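A closer look at the structure
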Amino acid sequence: MSKLVTLTRAGRNARTALGRAWSDLWFQNLPTTPLELARIGVGMAALFHYALATPYLFELWGEAGWMPSARMLETYDPWKQSIFFYFTAPWQLLAFHLLFLFCCAALMVGWRTSWVKWIVLIGHISYNYRNPSLTYGVDKILACLLFILCLAPVGRAMSLDRVRAVRMAKLKDLTATLPPYRSPWAGACTRLLQIQMAVLFFYSAVSKLRGDDWWSGDAVWIVFTTNEHYNRFALDLLASQYWIVNLATYGTILIELAYTFLIWQRRTRPYLLAGAIFLHLMFAVLMGLFYFSFAMTMGHMSFVRPEWLTRLGLAWKRKFGDMEMIYDGRCGFCVRSMAWFLAYDGLGQIRVRDFRTNPSPLVSDAQMEKALYLVLPDGRALPGFEAYRYVVLRVPGLWWQIPFFYMPVLSRLIGHPIYNWVAANRGRLSSMLRLGLRARY
């Protein structure tokens, strides 16, 4: 009886240990930041790839182009569906293409991510199945990346969706902060993306090892002598230093094989990740595989540790020091403007102070009645337009505003009068805002 109890206990402990290992492998409570990096890159890759094809839209996917749908349907496979099969007029193809490009841009910036990502996936598959003669390996890789991102809870960081959520919190309290989003499902999707990249590299290395030119060390030379990847500069260099050919050939296989097994270790991950990115950089520069290299690099972003990004953000904050923005808490327009502005400060570089309830020792109330002020770490106080101009260059989330604040001559020439008018009429603007909100609700 005692042996049976012992075996039962051992079996229960083994099952518990196996369940814990399974959870640690797939369902770690992680933030979505690595997935968000992949989301931004995948959206950008799809946007530029299909935007460049816009002038040739009807030639590539239209009825009068390379592949009429009648010929495509001769080998019809019910598992290979395309929304283009159901278009009956050219304007429908054009309308969908424009919608698709818009959704690619929305995926890149993280606007309404929960549904635009599915449109991008459906669109990408539809383009590939409408004219299979145009597709190659990178299209399949991008489809896999998109599918995983569709399953993942992306849009929770580094996105306009996150900005909207932060802004809603700050409208109630400008000092409010939202904790970073974390979930076991984010960890599972990150792991799935990592496994895909490791498997891709493993099979890439295995396929290379089947060729005699890779064993002999001549593969890189042969690549640059083909019509598709001919590169005179590279051939001239390699001809005089042929040892580089051998090093590049064996180094490529070594990186791909080592990546598969060593990318999972904490100590070796930075080196393998850097090696993989360097490899794709060489593919892009020397072979012209820009689309493929960029898409693969975005897949590798799944191996970026969130703590690396956290340390990078802290280093950025230390570099520029503490910034305090002083505003008028009685001005509804000012509060809403501040909430909108601060929502883009994902690193929390800017502190706020309401001079009505907490006067500043460096800026008088009389000055604050005229303009908002930014107090810098060295004690300087910048008013109005100059305050915003200083901030947008140093807060990454506000970089998209740099063209407006740093246009030579015109930015200050136009910016100062606009800000001065808004500051002088902020009471009227607050009243109009209140009336608008009442009419809305």
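Residues numbered from 1 in each chain as written. Predicted model: local features only at pLDDT ≥ 70, side-chain atom pairs only at ≥ 80, totals over all residues. Heavy atoms only, no water.

**Description of the pairing of strand 4 (residues 350-354)**
- The buried fraction of strand 4 amounts to four of the five residues, a majority that puts the element mostly inside the structure.
- Bridge count for strand 3 (residues 323-327) against strand 4 is five bridges, and the pairing is parallel. Directly across from glutamate 324, in strand 4, lies its bridge partner arginine 351. (Buried < 20%, exposed > 50% of the residue type's maximum accessible area, 1.4 Å probe, protein only. Helix = DSSP H or I, 4+ residues; strand = E, 2+ residues; numbered from the N terminus. Pairing = 2+ DSSP bridges.)

**Things to note about the domain arrangement of the chain**
- When the domains of the chain are assigned, the result is domain 1 (30-182), domain 2 (184-304) and domain 3 (313-440).
- Summed over both partners, the interface of domain 1 with domain 2 buries about 2000 Å², with 80% contributed by carbon and sulfur atoms.
- Summed over the shared surface of domain 1 and domain 2, the number is zero salt bridges.
- Along the contact surface separating domain 1 from domain 2 lie one residue pair in polar contact (both at pLDDT 80 or more).
- Looking at the side of domain 1 that touches domain 2, the elements that each hand over two or more residues are strand 1 (30-31), helix 2 (33-52) and helix 7 (137-151). (Domains from an automatic or database assignment. Buried area = accessible area lost by both parts, 1.4 Å probe. Salt bridge = Lys/Arg side-chain N within 4 Å of Asp/Glu carboxyl O. Polar contact = N/O pair within 3.5 Å; in protein donor to acceptor, adjacent residues only side chain to side chain.)

**Considering the pattern of salt bridges**
- Using the criterion set out here, one finds 13 salt bridges in the structure.
- For aspartate 161, the salt bridge identified is with arginine 164, shortest N-O distance 3.2 Å. Taken together, the positions of aspartate 161 and arginine 164, both in helix 8 (residues 160-172) and three residues apart, correspond to about one turn of that helix.
- Using a relative accessible area of 12% as the deciding quantity, one classes aspartate 161 as buried.
- The shortest N-O distance in the salt bridge between arginine 380 and aspartate 378 comes to 2.8 Å.
- Salt bridges sharing common partners tie together Asp322, Glu324, Arg351 and Arg353.

**As for the packing of helix 6 (residues 113-130) against helix 7**
- Closest axis-to-axis distance for the helix 6/helix 7 pair is 9 Å, and the angle between their directions is 155°. With respect to helix 7, the element helix 6 is oriented roughly antiparallel. Both helix 6 and helix 7 take part in a crossing whose hand is left-handed. Across the interface between the two elements, Lys117, Trp118, Val120, Leu121, His124 and Asn128 of helix 6 pack against Asp139, Leu142, Ala143, Leu146, Phe147, Leu149, Cys150 and Leu151 of helix 7.
- Residues that form the contact of helix 6 with helix 7 fall into these classes: ten nonpolar, two polar and two charged. (Axes fitted to C-alpha atoms, helices over the stretch in contact; angles between N-to-C directions. Parallel < 35°, antiparallel > 145°, perpendicular 65-115°, else oblique. Left-handed = near helix turned anticlockwise from the far one by under 90°. Contact = heavy atoms within 4.5 Å. Nonpolar A, V, L, I, M, F, W, Y, C, P; charged D, E, K, R; others polar.)

**Brief notes about the packing of aromatic side chains**
- Tallied over the entire structure, the rule returns 28 aromatic pairs.
- Ring geometry for tryptophan 111 versus tryptophan 115: centroids 6.3 Å apart, planes at 70°, classification edge-to-face.
- Ring centres of tryptophan 340 and tryptophan 400 lie 6.1 Å apart, and the angle between their planes is 85°; this geometry places the pair in the edge-to-face category. In this pair, tryptophan 340 is assigned in helix 17 (residues 332-342) and tryptophan 400 in the loop between helix 19 (384-392) and helix 20 (402-405), connecting sequence segments 60 residues apart.
- On the accessibility criterion, tryptophan 340 (36% relative accessible area) is partly exposed.
- Using a relative accessible area of 42% as the deciding quantity, one classes tryptophan 400 as partly exposed.
- Clustering of aromatic rings is evident, with ring pairs tying together Tyr50, Trp61, Phe84, Phe87, Phe96, Phe100 and Tyr127.
- The ring of phenylalanine 320 is capped by lysine 319, whose NZ or CZ atom sits 5.7 Å from the centre of that ring.
- The aromatic ring of tyrosine 406 is capped on one face by arginine 389, whose charged end is 4.0 Å from the ring centroid. (Phe/Tyr/Trp six-rings, centres within 6.5 Å; stacked < 30°, edge-to-face > 60°. Lys NZ or Arg CZ within 6 Å of the ring centre and 35° of its normal.)

**Comments concerning the pairing of strand 3**
- For strand 3, the tally of buried residues reaches five of five residues, placing the bulk of the element in the interior.
- Pairing of strand 3 with strand 5 (residues 373-375), which is carried by three bridges, proceeds in the antiparallel orientation. Residue isoleucine 326 lies in a different strand from strand 5, and its bridge partner there is tyrosine 373.

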